[in-house]
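An overview of the molecular structure
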Amino acid sequence: TWHLKKIPQIVSERTFSLDSPKFEAKPKLELNSVCGIECQRRLPVPSLSDLKDLLSYETVFENGTRTLTEVNVLGLVLDPAGNTTTQSSSRRKRQVYGTDSRFSIYDKRFMTNFPFNTAVKISTGCSGILISPKHVLTAAHCLHNGKDYVKGSKRLRVGLMKTKSRGDGRKRKGAKRNGMPSFQWTRVKSTHIPKGWFKGISGDIALDYDYAVLELKRPHKRKYMELGISPTIKMMPGSMIHFSGFDNDRSGHLVYRFCSISDESNDLFYQYCDAEPGSTGSGVYLRLKEPNKKKWKRKIIAVYSGHQWVDVNGEQQDYNVAVRITPLKYAQICFWIHGNDENCTQG
């Protein structure tokens, strides 16, 4: 069951202008030497002032201007337990682990219906998910490499899957063949990235903050996926997660997968869902029962951050990782969507 939680408040304290970014970074599909499972266990619990700094955020607008908004966090109870993780199972190599268990969705009835139609393509080569009539959730590193915004993020666009429109008998350029989706591209009005992505507590880019929200120039009329607070592995049916994205090795197809989570920290899920670059930024979701109702509901509980190589006890090891939507991140993303914290008291 989805359990309602009281959410801490994130309120904007002040916003000031920054220099326009250069937009010169190369997009990185894989992140190296980031803080892995062992490193996560050793990290100190961030203090309230750390969190205020990490959750302050940059906004880049369509015309290239940039602002920094400093925030305050109210009503937060700090967890003294630190970054506890459950013990992991043994690791396997490669992004596709063993038998490839991904499903390409060919049937247009599935592709253009909920939940698959909430998956979107980002023009920098990643995936994302619709979280409101005007907002898309994706991974921060699809737009920013920790130092600068990536090339192509200056004129960022989001592709929503579409079926053939009426009277579209003649073949259009880029039309669907073999069940491939075509896209309706929408310009992005602004992007929000948490400051924690630029420099984590460990002094390196922090995977914990590898998420971003894009505001579209025009609202869409589709069903979108609501946010949920990520439960612990024990509270998930079969500890299974699901996500759909546009994997590079299956060009143009929407690819769906599900798998169980093998490890978790306070902010990250470690899993072996089969995935290839291109699916980074997908919304990871669960289907749980609504409280006091017989209805089941899907909600986004994490953002797929991709395949990571990390240093574990001096050895390079790999896994696929997703950034959990904690109560604090829920509060921040909800604030970005609504522009106030009144709609974000419970999640």
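Not measured: the values here are computed from a predicted model.

Tallied over the entire structure, the rule returns ten salt bridges. Between Lys297 and Glu226 there is a salt bridge whose closest N-O contact spans 2.8 Å. With Lys297 in strand E17 (residues 296-312) and Glu226 in strand E12 (residues 226-227), the pair connects residues that are 71 residues apart, well separated along the chain. Assessed through its relative accessible area of 34%, Glu226 is described here as partly exposed. Taken together, the salt bridges that share partners define one network made up of Glu62, Arg187 and Lys217.

Attention shifts here to the pairing of strand E11 (residues 212-216). In terms of burial, E11 is a largely internal element, five of the five residues being buried. Side chains of E11 alternate between two faces, with Ala212, Leu214 and Leu216 and Val213 and Glu215 buried alike. Summarising the sheet, strand E8 (residues 135-138) and E11 pair through four bridges and their orientation is antiparallel. Among the inter-strand pairings, His135 is bridged to a residue of E11, identified as Glu215. Of the pairings in the sheet, the one linking strand E10 (residues 182-194) to E11 comprises four bridges and is antiparallel in character. Within E11, the residue paired with Thr191 across the bridge is Leu214.

Look at helix H4 (residues 327-338): 16 Å from first C-alpha to last across twelve residues, which is about the 16 Å you get at 1.5 Å a residue. Taken across its twelve residues, H4 has ten buried, putting it largely inside the fold. Residues Leu328, Lys329, Tyr330, Ala331, Gln332, Ile333, Cys334, Phe335, Trp336 and Ile337 constitute the buried set of H4. Two residues or fewer after H4 comes Gly339, characterised by a positive phi angle close to 75°.

For Tyr319, the position within the fold is in strand E18 (residues 315-324). A relative accessible area of 1% means that Tyr319 is categorised as buried. Expressed as a C-alpha distance, the spacing of Tyr319 and Tyr270, which sit 49 residues apart in the sequence, is 6.6 Å.

Mapped onto the secondary structure, Ser244 falls in strand E13 (residues 240-245). Here Ser244 is in contact with Phe116, Ala119, Leu254, Val255, Tyr256, Arg257, Ser282 and Tyr285, once residues within four sequence places are set aside.

Two cysteines joined by a covalent bond between their sulfur atoms form a disulfide. Taken as a whole and assessed by the stated rule, the structure comprises one disulfide. Residue pairing for Cys126: its cysteine sulfur links by disulfide to Cys142, the two sulfurs lying 2.1 Å apart. Here the disulfide of Cys126 and Cys142 is left-handed, its torsion about the S-S bond being about -95°. In this pair, Cys126 is assigned in the loop between strand E6 (119-122) and strand E7 (127-130) and Cys142 in the loop between E8 and strand E9 (157-162), connecting sequence segments 16 residues apart. Each member of the pair, Cys126 as well as Cys142, carries the same accessibility label: buried.

Direction of pairing for E6 relative to E7: antiparallel, over a ladder of three bridges. Bridge pairing in E7 links Ala119 to Ile129. Where E6 lies against E9, three bridges are found, and the strand directions are antiparallel. Its bridge partner being in E9, Ile122 is matched across the sheet by Val158.

Tallying each qualifying case throughout the model produces seven aromatic pairs. Here Phe23 and Tyr149 contribute two aromatic rings whose centre-to-centre distance is 5.9 Å and whose plane-to-plane angle is 50°, an arrangement assigned as tilted. One end of the pair, Phe23, is in the loop between strand E1 (9-18) and strand E2 (31-34); the other, Tyr149, is in the loop between E8 and E9, with 126 residues separating them in the sequence. With 6.3 Å between their ring centres and 35° between their planes, Tyr209 and Tyr211 make a pair best called tilted. The exposure class assigned to Tyr209 is buried, which follows from its relative accessible area of 8%. The rings of Tyr57, Tyr209, Tyr211 and Trp336 are connected pair by pair, giving a single aromatic cluster. Just above the ring of Tyr209 sits the side chain of Lys329; from NZ or CZ to the centre is 5.3 Å.

Turning next to the environment of Leu48. Along the chain, Leu48 falls in helix H2 (residues 48-55). Take Leu48: its relative accessible area is 36%, and that puts it in the partly exposed class.

Glancing now at H2. Leu51, Leu54 and Leu55 are the residues of H2 that are buried. Take H2 and look down its axis: the buried residues cluster within an arc of 85°, on one side only.

Analysis parameters
- Residues numbered from 1 in each chain as written.
- Predicted model: local features only at pLDDT ≥ 70, side-chain atom pairs only at ≥ 80, totals over all residues.
- Heavy atoms only, no water.
- Salt bridge = Lys/Arg side-chain N within 4 Å of Asp/Glu carboxyl O.
- Helix = DSSP H or I, 4+ residues; strand = E, 2+ residues; numbered from the N terminus.
- Buried < 20%, exposed > 50% of the residue type's maximum accessible area, 1.4 Å probe, protein only.
- Pairing = 2+ DSSP bridges.
- Expected span 1.5 Å × (residues − 1).
- Contact = heavy atoms within 4.5 Å.
- Disulfide = S-S within 2.5 Å.
- Phe/Tyr/Trp six-rings, centres within 6.5 Å; stacked < 30°, edge-to-face > 60°.
- Lys NZ or Arg CZ within 6 Å of the ring centre and 35° of its normal.
- Arc of directions from axis to C-beta.

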